[in-house]
Amino acid sequence: MKTVLVPTDFNLESTKIIDALIQNQPNEKLNIIFLHAFKLSDSITDMLMLSRRSRDYENVSDEFYQTINQYREKFPNQVATTGVEYFYGSTVAAFKNFIEAFDVDFIAYPKDYNFCPINKYSINPKFLTERSGCNLLELDINNIQVPENLIESKIPEKELIEATA
């Protein structure tokens, strides 16, 4: 089982990376963590309230949660868990500790990733992920091959011999 970190701004388009991950890692069961990074505030009040960051979860729409849950139901053999986490900090050392705490195997980005902040403290995760030493995987979310459900059309050999006789 592998743990994948996916930087996101929580738009529904970013969930398409799950399709790309399943296509890229077909024989792996994945724990997928969607991440958004924030720099720490200089305000002492914000620092004291750091443990009460429930307002940050208001940035994640119900549709986003529903979509990642649908992926988990659609691919039960490939997606073990999905979740949302926030990283608070701006140093590579702190980010490495975050990666270690979640036992992240690699970080997945959509090809042509475009950072979109969700509030004034949002920071571009590329700065941290490129220096973290963790494997980076860039996936094309626009070129997903959907497996087809083909009907078994093979004629049993015994019937084929009888038909040609």
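Residues numbered from 1 in each chain as written. Predicted model: local features only at pLDDT ≥ 70, side-chain atom pairs only at ≥ 80, totals over all residues. Heavy atoms only, no water.

### A look at the overall build of the protein
What counts, and what does not: By the criteria applied, helices consist of DSSP H or I runs no shorter than four residues and strands consist of E runs no shorter than two, each listed in order from the N terminus. Burial status follows relative accessibility: with a 1.4 Å probe on protein chains alone, a residue under 20% of its type maximum counts as buried, one over 50% as exposed, and anything between as partly exposed. The contact criterion used is simple: two residues touch if any of their non-hydrogen atoms lie within 4.5 Å. All accessible-area figures derive from a Shrake-Rupley calculation using a 1.4 Å probe, and residue coverage is judged against the displayed protein chains alone.
The secondary structure content of the protein amounts to 6 helices and 5 strands. When the helices and strands of the protein are placed in sequence order, the string is β-α-β-α-α-β-α-β-α-β-α. Expressed as a percentage of its 165 residues, the buried residues of the protein come to 38%. Within the protein, contacts between residues at least 6 apart in sequence are counted, and of these 81% link residues at least 24 apart. Summed over its atoms, the accessible surface of the protein is roughly 10,500 Å², and 48% of this surface lies on carbon and sulfur atoms.

### Structural notes on helix α4 (residues 92-101)
Quick note on the threshold: Throughout, the arc means that of the directions going from the helix axis to the C-beta atoms.
Looking only at α4, the buried set comprises Val-92, Phe-95, Phe-98 and Ile-99. Along the long axis of α4, the arc covered by the buried residues comes to 110°, so they all point the same way. α4 presents Ala-93, Asn-97, Glu-100 and Ala-101 as exposed residues on the side facing more than 90 degrees away from its buried surface. For α4, the secondary structure elements touched by its buried residues are β1 (2-7), β2 (30-38), β3 (79-88), β4 (106-110) and α5 (126-129). One or two residues past the end of α4 sits Asp-103, with phi positive at roughly 50°.

### A closer look at helix α3 (residues 62-74)
What counts, and what does not: Here the expected span of a helix is defined as 1.5 Å times the quantity of residues minus one.
Over its 13 residues, α3 extends 18 Å from the first C-alpha to the last, a length consistent with the 18 Å expected when each residue adds 1.5 Å. Phe-64, Thr-67, Ile-68 and Tyr-71 are the residues of α3 that are buried. The buried side chains of α3 occupy one side of the element, clustering within an arc of 90° when seen end-on. In α3, the exposed positions angled more than 90 degrees off the buried face are occupied by Asp-62 and Glu-73.

### Quick word on the pattern of salt bridges
Here is the rule we go by: For this document, the term salt bridge refers to a Lys or Arg side-chain nitrogen within 4 Å of an Asp or Glu carboxyl oxygen.
A complete count under the given rule lists 1 salt bridge for this structure. Note that Lys-16 and Glu-13 form a salt bridge whose closest N and O atoms lie 3.3 Å from each other. For Lys-16, a relative accessible area of 33% puts it in the partly exposed group. For Glu-13, a relative accessible area of 38% corresponds to the partly exposed category.

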